[in-house]
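Single-letter residue listing:
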Amino acid sequence: MRFLTGLVAASLASTVLARAQQVFLPVVVDKPEVQVVPLDINTNDDDFAPVALMGERAIAFTSSRAGDQRIFMSVRSSNGWSAPMPAGSALARAEEVGTTALTPDGNSMIFAAFEWDPSGGDETGYGRTDLYSAEKVGGEWTNVRNLGPIINSSSWDSQPTLSADGRTLYFASDRPGGMGGADIYVSSLSASGWGAPQSLGLPVNSGADDMAPTIAPDGKRLFFSSRGHGGVGGFDLFVVSGGDARGRGWNTIENLGTPINSIADEYFFISIPNSQNAYFSTSRTGNLDIYTAYPNPFPPDALVTVSGIVTETGTGTKLAADITVTDLASGEVVANFKTDSQNGEYFVILQRGRRYSITAQAADHIFYSDEYTVAPNSEAKDVRKDIDLVPILGGTTRLLVFFDYNKADLKDESKPDLNRAIEFLKENPTLRVEIAGHSDDKGDEEYNRKLSQSRAESVRIYFSNNGIDGARLTATGYGEVQPVADNSTDEGRAQNRRVELRVSK
């Protein structure tokens, strides 16, 4: 297959030998309830490796319809899939551009390229095929960068996939030291960049080729294609579960069964959040095509997705913004994404059993944060939340701070947003701000004013203790006199109990 460009035939280990090395070969089970149907965007050339964007609103995939392999995009509507369009010239500076991984919002990419042409930039390759990153800016893919020698080797490194939070990377490689043929590797992202890749080992990797990894949106299953685990014929699709958040410890392996697997080759099974659809690639009609599998026999857990558009308050101008997802219990930043200034869209996937903040930040604007709690038994839900960011001068934002009932002591889960506010103030050292405390109308008016004053004062002290000049800070308690919602409902009263950061000068 052409998508194996750069993977030499000598690396294809004997399937017979590989099977002899296996202690257990997964059983192939027929799933007659699953219907498999080719997409109407397929051509007589190879079309493969679909990646879902914004849930299922669009897909990216690889195709040789224009001659050499390139990345294409198609948008889904009630009328079906749009005519695929090339992803852009910045991604075409190579003899072959292979499979791609994207963050769920479709604004950041890792892709494989064979014989990259550095004439359009300063990047050169390390091996036959390397992994590169790119960002979407103003509707165009740009800032193409080789992932470097920590990830790439002098061999074939290709077929990337990213976890929903963009912080775990899986890919296939035939680098020395593997178990035979191509193996699947995992790398984790930290503040210093991508870590050294580790082989997934058994039971995923075998003595034959194991490749085309894709991670489920809930992170609980890893799908891959293999010649070394038995099956119907050629490359079959398999799934493993039981791994941790960083891709280690996968243990239970299962063949996806028929009709997904066939006597031909199958690759790149992707599971869609909050959908009964799955997609995969197969050569059962000759060239590689993309198929839908319905209903998905391996659906992910119910997830909460939050999406919307980041704009400027008043003008509606779409903004290029940083989106940060933070676990409020641990204070850990679990995901970082970027919106594109052309559309301002963001899309994040939240796992069950956690309490999050989602923050949007853009240049010359005050950041905005909101809280999302996903219960352990939460049902699937797609939340629409457009975000308006206020220009700095004269602007106000609500701080995501938490107190016990009738108390003014800051709870630990307040720290992520308070620390973000501190960074904002340090980045804008000429600003003076008012910390404004507010309450609902339950209880005595004077008591509410004093409580809101005490809570605003707690925030002021936190800022002052963490490097902000006290002369820049004013704390005022307004009590119940400046409501932003109706006090006759629980939801309205919750909105009125707030602490705001107001830029005064």
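Note that the structure is a prediction, hence the values are computed from the model and not measured.

Here we come to the packing of aromatic side chains. Here a ring pair, both rings aromatic, is described through the centre-centre distance and the interplanar angle of the planes. On inspection of all chains with the given rule, the structure shows twelve aromatic pairs. Look at F111 and Y132: their rings are 5.7 Å apart centre to centre, the planes differ by 25°, and that puts the pair in the stacked class. Of the two residues, F111 sits in strand β8 (residues 108-116) while Y132 sits in strand β9 (residues 129-137), which places them 21 residues apart along the sequence. There is no split in this pair, since F111 and Y132 are both buried. Chaining the aromatic ring pairs together yields one cluster made of F48, F235, Y267 and F268. Cation over ring: R284 sits above Y291, and NZ or CZ is 5.4 Å from the ring centre.

Its 13 residues give helix α2 (residues 415-427) an end-to-end C-alpha distance of 18 Å, which sits within 8% of 18 Å, the value for a rise of 1.5 Å per residue. Turning to α2, its buried residues number three or more, namely P416, D417, L418, R420, A421, I422, F424 and L425.

As a further point, take the pattern of salt bridges. Applying the stated criterion across every chain yields a total of 24 salt bridges. D412 is the partner of K415 in a salt bridge, and the nearest nitrogen-oxygen pair spans 3.8 Å. Residue D412 is classed as exposed on the basis of its relative accessible area of 55%. Here the salt bridges share partners, and the residues they tie into one network are R355, E371, D404, K411 and E413.

Let us now look at the confidence of the model for the protein. For the protein, per-residue confidence averages 91 on the pLDDT scale, and residues scoring 70 or more make up 93% of the total. Of all the helices and strands in the protein, helix α1 (residues 15-21) carries the lowest mean pLDDT, 43, while strand β1 (residues 35-38) carries the highest, 98.

On to the nonpolar core, then. Counting 24 residues, the largest nonpolar core has L399, F424, F463 and L501 as its most contacted members. Listed by contribution, the elements that provide at least two residues to this core are α2, β32 (433-438), α3 (445-465), β33 (473-479) and β34 (498-503). It is α2 that provides the largest number of residues to this core, a total of five residues. Among the nonpolar cores identified, the runner-up in size contains 21 residues, and V304, A321, V348 and V374 belong to it.

Turning our attention to the pairing of strand β7 (residues 94-102). Among the nine residues of β7, eight are classified as buried, and the element is accordingly described as predominantly covered. Judged from the six bridges that link them, β7 and β8 form a sheet pairing that is antiparallel. The residue bridging A94 from the neighbouring strand is W116, located in β8. A loop of five residues connects β7 with β8, the two strands running antiparallel in sequence, and G106 in this loop sits at a positive phi of about 75°.

Take α3 next. In a regular helix each residue adds 1.5 Å, so 21 residues correspond to 30 Å; α3 covers 30 Å between its end C-alpha atoms and thus fits that length. All buried positions along α3 are accounted for by N448, L451, S452, R455, A456, S458, V459, Y462 and F463. Seen from one end, α3 has its buried residues packed into an arc of 140°, which puts them on one side. Of the surrounding secondary structure, the elements contacted by the buried residues of α3 are β31 (396-399), α2, β32, β33 and β34.

Here the focus is the packing of α2 against α3. Two elements in contact, α2 and α3, have axes separated by 10 Å at closest approach and are oriented at 60°. The orientation of α2 relative to α3 falls into the category oblique. With respect to the hand of their crossing, α2 and α3 are arranged in right-handed fashion. Residues K415, L418, N419, A421, I422 and L425 of α2 pack against V459, Y462 and F463 of α3.

Backbone-to-backbone hydrogen bonds pair the strands of a sheet. The strands run either parallel or antiparallel. Pairing within the open sheet is mixed, and its four strands lie in the order β31-β34-β32-β33. Each edge of the sheet is formed by a strand with only one pairing partner; in this case those strands are β31 and β33. Shown here is a sheet whose adjacent strand axes are inclined to one another by a mean of 25°, direction ignored. Across the sheet, α2 lies against β31, β32, β33 and β34, angled at about 150° from β31, the strand it touches most. Seen against the sheet, α3 touches β31, β32, β33 and β34 and runs at an angle of roughly 160° to β33.

Locating T62 in the fold gives a position in strand β3 (residues 58-63). At a separation of 3.3 Å, a polar atom in the side chain of T62 contacts the main-chain carbonyl oxygen of G98. If we skip the residues at most four places from it in the chain, T62 touches D46, D47, F48, A49, Q69, R70, V97, G98 and T99.

Moving on: the sheet that holds strand β22 (residues 287-294). A sheet is described by the order of its strands in space; here four strands give the open sequence β1-β22-β21-β20, paired in antiparallel fashion. A single partner strand is all that each edge strand has here, and the edge strands are β1 and β20 (266-271). Between one strand axis and the next, the sheet turns through 35° on average, direction left out of account. In terms of strand pairing, β1 meets β22 through four bridges, oriented antiparallel. When the bridges of β22 are listed, P38 appears paired with Y291.

To continue, consider the pairing of strand β13 (residues 183-190). Both strand β12 (residues 168-173) and β13 contribute to a ladder of six bridges, which runs antiparallel. Counterpart to F171 in the pairing with β13 is Y185. Across two bridges, β13 lies against strand β15 (residues 198-199) in antiparallel orientation. Counterpart to Y185 in the pairing with β15 is S199. Where β13 meets strand β14 (residues 193-194), two bridges bridge the pair, whose relative direction is antiparallel.

Conventions and cut-offs
- Residues numbered from 1 in each chain as written.
- Predicted model: local features only at pLDDT ≥ 70, side-chain atom pairs only at ≥ 80, totals over all residues.
- Heavy atoms only, no water.
- Phe/Tyr/Trp six-rings, centres within 6.5 Å; stacked < 30°, edge-to-face > 60°.
- Helix = DSSP H or I, 4+ residues; strand = E, 2+ residues; numbered from the N terminus.
- Buried < 20%, exposed > 50% of the residue type's maximum accessible area, 1.4 Å probe, protein only.
- Lys NZ or Arg CZ within 6 Å of the ring centre and 35° of its normal.
- Expected span 1.5 Å × (residues − 1).
- Salt bridge = Lys/Arg side-chain N within 4 Å of Asp/Glu carboxyl O.
- pLDDT = per-residue confidence, 0-100.
- Core = buried A, V, L, I, M, F, W, Y, C linked by side-chain atoms within 4.5 Å.
- Pairing = 2+ DSSP bridges.
- Arc of directions from axis to C-beta.
- Contact = heavy atoms within 4.5 Å.
- Axes fitted to C-alpha atoms, helices over the stretch in contact; angles between N-to-C directions.
- Parallel < 35°, antiparallel > 145°, perpendicular 65-115°, else oblique.
- Left-handed = near helix turned anticlockwise from the far one by under 90°.
- Polar contact = N/O pair within 3.5 Å; in protein donor to acceptor, adjacent residues only side chain to side chain.

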